[in-house]
Structure formats: C-alpha cells, structure tokens
Amino acid sequence: MADFAVALAEGGLVLDGGLATELEAQGHDLSDALWSARLLADDPHAVVEAHRAFYAAGARVATTASYQASFAGFAAAGLSREEAAALMRRSVRLADQARAGMPAPGSLFVAASIGPYGASLADGSEYTGAYDLDVRGLRAFHRPRLEVLAEAGADVLAVETVPCLAEVEALLEELARLDGIPAWLSLTCAGGRTRRGEDPAEAFAMAADVDTVVAVGANCTAPDEVAELVPVAAAASGKPVLAYPNSGEGWDARTRSWTGGSAFAVGQVAGWLGAGVSAVGGCCRVGPADIAAVAEALSASGPPR
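Residue numbers run consecutively from 1 along every chain, following the written order of its sequence. Where local features are concerned, this predicted model is filtered to residues with pLDDT of at least 70; where side-chain atom pairs are given and counted, the filter is 80 or more; whole-chain, interface and lining totals use all residues. Values shown for side chains rest on all heavy atoms present in the structure; no hydrogens or waters enter the calculation.

Chemist: Before we go on, may I ask you to explain helix α8 (residues 135-150) in this structure?
Modeler: What sets the pattern is the α-helix's 3.6 residues per turn: residues three or four places apart point alike. Taking 1.5 Å per residue, 16 residues should reach 22 Å; α8 reaches 21 Å between its end C-alpha atoms and fits that length. The largest bend in α8 amounts to roughly 30 degrees and is located at His 142, with the proline Pro 144 lying one to four residues further along. Turning to α8, the residues buried within the fold contact α5 (71-76), α6 (81-100), β3 (109-114), α7 (117-121), β4 (156-162) and α9 (165-175). One side-chain oxygen at the N-terminal end of α8 lies 3.2 Å from the backbone nitrogen of Arg 136; it belongs to Asp 134. Segments assigned H or I by DSSP are reported as helices when at least four residues long, segments assigned E as strands when at least two residues long, and all are numbered from the N terminus. Any helix carries an expected span of 1.5 Å times its number of residues minus one. The angle between axes fitted to the seven-residue stretch ending at a residue and the seven-residue stretch beginning at it gives the bend at that residue. Contacts are residue-level and defined by heavy atoms, with any inter-residue pair within 4.5 Å sufficient. Here a polar contact is recorded for every N or O atom pair within 3.5 Å, except that within protein the pair must consist of a potential hydrogen donor and a potential acceptor, and residues adjacent in sequence are included only if both atoms are side-chain atoms.

Chemist: Got a minute to help me understand the environment of Gly 276 in this structure?
Modeler: Inspection of the secondary structure assignment puts Gly 276 in the loop between α12 (269-275) and β12 (279-280). Gly 276 gets classed as partly exposed once you look at its relative accessible area, which sits at 34%. Separated by 42 residues in the primary sequence, Gly 276 and Ala 234 place their C-alpha atoms 7.8 Å from one another. Relative accessibility decides the category of a residue: with a 1.4 Å probe and only protein chains considered, values under 20% of the type maximum give buried, values over 50% give exposed, and everything between is partly exposed.

Chemist: Explain the pattern of salt bridges to me, please; I cannot follow it from the model alone.
Modeler: Between side chains of opposite charge, a pair can form as their charged atoms come close. The salt bridge criterion pairs a side-chain nitrogen of Lys or Arg with a carboxyl oxygen of Asp or Glu, the two atoms within 4 Å. Tallied over the entire structure, the rule returns 9 salt bridges. Between Arg 143 and Glu 174 there is a salt bridge, and its shortest N-O distance comes to 2.9 Å. Taken together, the residues span a long stretch of sequence, with Arg 143 in helix α8 and Glu 174 in helix α9 at a distance of 31 residues. Note on Arg 143: relative accessible area 28%, which makes it partly exposed. Put simply, Glu 147 and Arg 177 hold a salt bridge, and the shortest N to O gap is 3.6 Å. Note that Glu 147 is positioned in helix α8 and Arg 177 in the loop between α9 and β5 (183-187), a separation of 30 residues in sequence. Salt bridges here are not isolated pairs; linked through shared partners, they connect Arg 139, Arg 143, Glu 147, Glu 173, Glu 174 and Arg 177.

Chemist: Got a minute to help me understand the sheet that holds strand β1 (residues 13-14) in this structure?
Modeler: The strands making up a sheet associate through hydrogen bonds between their backbones, and the pairing can be parallel or antiparallel. Here the rule is simple: two strands pair whenever DSSP picks up at least two bridges between them. Read across the open sheet, the 8 strands follow the order β1-β12-β9-β8-β5-β4-β3-β2; overall the sheet is parallel. In this open sheet, the two strands that pair with only one neighbour each are β1 and β2 (61-63). Strand direction decides the pairing type here: β1 and β12, joined by 2 bridges, are parallel. The residue bridging Leu 13 from the neighbouring strand is Ala 279, located in β12. Against the sheet, α8 makes contact with β3 and β4, and its axis sits at roughly 165 degrees relative to β3, the strand it touches most. Working convention: axes come from line fits to C-alpha atoms, limited for helices to the stretch in contact. Angles between N-to-C directions cover 0 to 180 degrees. Contacts between α9 and the sheet are confined to β3, β4, β5 and β8 (213-219), with β4 contributing the most and set at about 170 degrees to the helix.

Structure follows, in structure tokens:
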C-alpha cells in the first residue's frame, strides 16, 4: 500500500470532489440534518458507488461519508453510541470497498472525513465559526469520533472545513494525542480570512509542530481564492498544501439550497500548481466530471515534482 505522505511529497495528487454532490446527482435526498451520513445506514451501496465514480474519474483519494457524522447528531436520530460508532467505522469500510474494486488499488487512499462542529449543528455555522463552545468544549466534542475514525483503518484523517482558530486549536490538541495515523488540516476561508475573520496564517502556523499533521490547506473556499492561500499555508506551516475548493456557489443554510453559478474552472489548476499546491480536488458542487478534468490537467502538467 502506498504511503500518503510520500504521495503528497511527489505532488500532483488528485483528491475527490463533493461526495454529497454525487449522491444528490444519483437522486438521493440529503435535506435532513445528517446529510450524506444518513446513507451510511439507509443506502451504503450508494456511498460505495459515489466513491467509485470519483476513483474512476482519476481521484486517488476517497473522502468518507463521515463529515456530518457525530455522536450528538446520530443520537438525535435515535441511534445509540454503539450504533453511531459502528456507522462511523462503516464509512471507512465503504470507501475501502470502493477502492478494492478499482485497478491498482494499492495506489489509492481513503481519507476519513472529520467535519467541523458547525456541520453537526446543520445551521450553517461552519461558515461563520460563531460557536457556543470554547476550545475545551470543542475538544470534548471532537475527541470521541476522532478516536473511532483513527482506529477504523483509513490512511489519513481529513480534518476539514474548519472555520476558526479556536476549533483549529482544539483539533490540533486532539490530533497530537493520536498515534499512528496522519492527518490533514483544511480551513474554510473567505476574503483571505477564516470564516471567523481571522488570519489563516495563524491557523497554519499552529499546525507546524504537530507531527501527525502531514498537510494543510483550504476547502469549501471559492476557487478564485486558492492561489493566494496556498503560499500562505506553505510558508506558515512548512508542510505540503492541499486545495479542494467548492464550486464558488453560495449556500443558504435556511433553505438548505445553493445559489449562483459555478466558478470551478480547470484552467485555474495551473495557477494553483504554480503557487505550490501538492494535491488538488474539489468540495461542494464539484462532481466526477470536474475531477476528471483536474486529473487530466495534472497529468498534462508533467511528472510529479
């Protein structure tokens, strides 16, 4: 099995796109609070097929359907802690099942998604960072599912869509407690700041001395902001940088709907590579066809750096 940190160092690593986007394209209604995590129980085959679609498009990384999974969220849906933990572990097994059915599965990776606290609230607060918990409370929220997913067999933990410094601090402290599995830390930004209006360089610098964090980056960020964030992330952290922006459309948490048009253009990838990015993919509203175009662009850019 390939090593994720080695693949990052080689550069040109293709990430997947928006898992929920592909599930919705398959006809699934993800309007409830559990979002794609609901299908871990209701239709696991659909999750496998969505992962396969991204692998087939050229992605080397499948990000699990655990972004919205939390003990509190599953409890609200009537599930016990044991049932919730089993579904979190299932998210990794489903991605691994998809990988096993692809050519050269040994070159592919499974990333266990760790979404922000705001995602579990389903109120859009992952896009504001306006939380009702302090660092201590955020650590307590993240710890149990980090422990479950760290032991579930994924190649890397995808700690993503983090909107504020307090949650970065909490997550990094918890990641430092884990042993044996690498992680990446990805912020969601707007206007060159975290969603809470803070300097992203501070967040990336906080990750510099956390050995389990093998990469930093930005996701759920407009595509036209990536090129400026990549060098900031690299300089502050000293680590490889990932970029997997959303389509640039707006999310209305009240109506749970997207507004505007897509600004995700494969022509931007060359600029991201020039800025120093090591891995490229997409987030919300970025589907397999977009990832196929990214994979083609990375292949055309030449051998890995």
